[in-house]
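One-letter residues, chain by chain:
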Amino acid sequence: MEARPYKTEGFSRSERVKKNGDIQILFKKGKRVSADGAKLFFLFTGGSINRIAFTLPRGFGNAVLRNRSKRLSREAYRHLKSELKTGYDMILLVYPGKDSFEQRCATLRCLCGKAGLFL
């Protein structure tokens, strides 16, 4: 049985990109970086906090797999968010495979490093 990660900081509603228009702007105008199994779209907005959305491509398994993948992504982001610059909107697009917590953390850390989002 896999060890469960400890919860760190919270993840409030204000930290989520929710509006379809905001998501479309990120996909069209945002910069993007890729790593093995994921892409990060990001755009500087100048806000006081970062906002993020987690998406999956069409055909990504069943509902159980999709929900688990998003939970892993959210928890990996919670562990990393205190080390990131603020004022960005982001979308993390995750492809099937590499669905362990350690791999997701490593992938997200790699993407944020490529994007230059660390303090």
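Residues numbered from 1 in each chain as written. Predicted model: local features only at pLDDT ≥ 70, side-chain atom pairs only at ≥ 80, totals over all residues. Heavy atoms only, no water.

Trainee: Mind showing me how you'd approach the side chain of S69 here?
Mentor: Within the fold, S69 resides in helix α2 (residues 63-80). You can call S69 buried: its relative accessible area is 1%. Every residue in contact with S69, bar those within four places of it in the chain, is listed here: L56, F60, V94, D99 and R104. (Helix = DSSP H or I, 4+ residues; strand = E, 2+ residues; numbered from the N terminus. Buried < 20%, exposed > 50% of the residue type's maximum accessible area, 1.4 Å probe, protein only. Contact = heavy atoms within 4.5 Å.)

Trainee: How should I be thinking about the packing of aromatic side chains in this particular structure?
Mentor: In this description, a pair of aromatic rings is defined by centroid distance and the angle of the planes. The final tally for this structure, using the stated rule, is 6 aromatic pairs. Measuring from ring centre to ring centre gives 5.2 Å for F44 and Y88, while their planes differ by 70°; the resulting arrangement is edge-to-face. With F44 in strand β2 (residues 38-44) and Y88 in strand β4 (residues 88-94), this pair connects stretches of sequence that are 44 residues apart. Given a relative accessible area of 53%, F44 falls into the exposed group. The exposure class assigned to Y88 is buried, which follows from its relative accessible area of 14%. Here the aromatic cluster, defined as three or more aromatic residues joined through ring pairs, consists of F11, F54 and Y77. (Phe/Tyr/Trp six-rings, centres within 6.5 Å; stacked < 30°, edge-to-face > 60°.)

Trainee: How should the sheet that holds β4 be read in this particular structure?
Mentor: An order of β1-β2-β4-β3 is seen for the 4 strands of this open sheet, with the pairing classed as mixed. A strand with exactly one partner marks an edge of an open sheet, and here the two such strands are β1 (31-35) and β3 (51-55). Here the strands of the sheet are splayed against their neighbours by 15° on average, with no regard to which way each runs. Summarising the sheet, β3 and β4 pair through 5 bridges and their orientation is parallel. (Pairing = 2+ DSSP bridges. Axes fitted to C-alpha atoms, helices over the stretch in contact; angles between N-to-C directions.)

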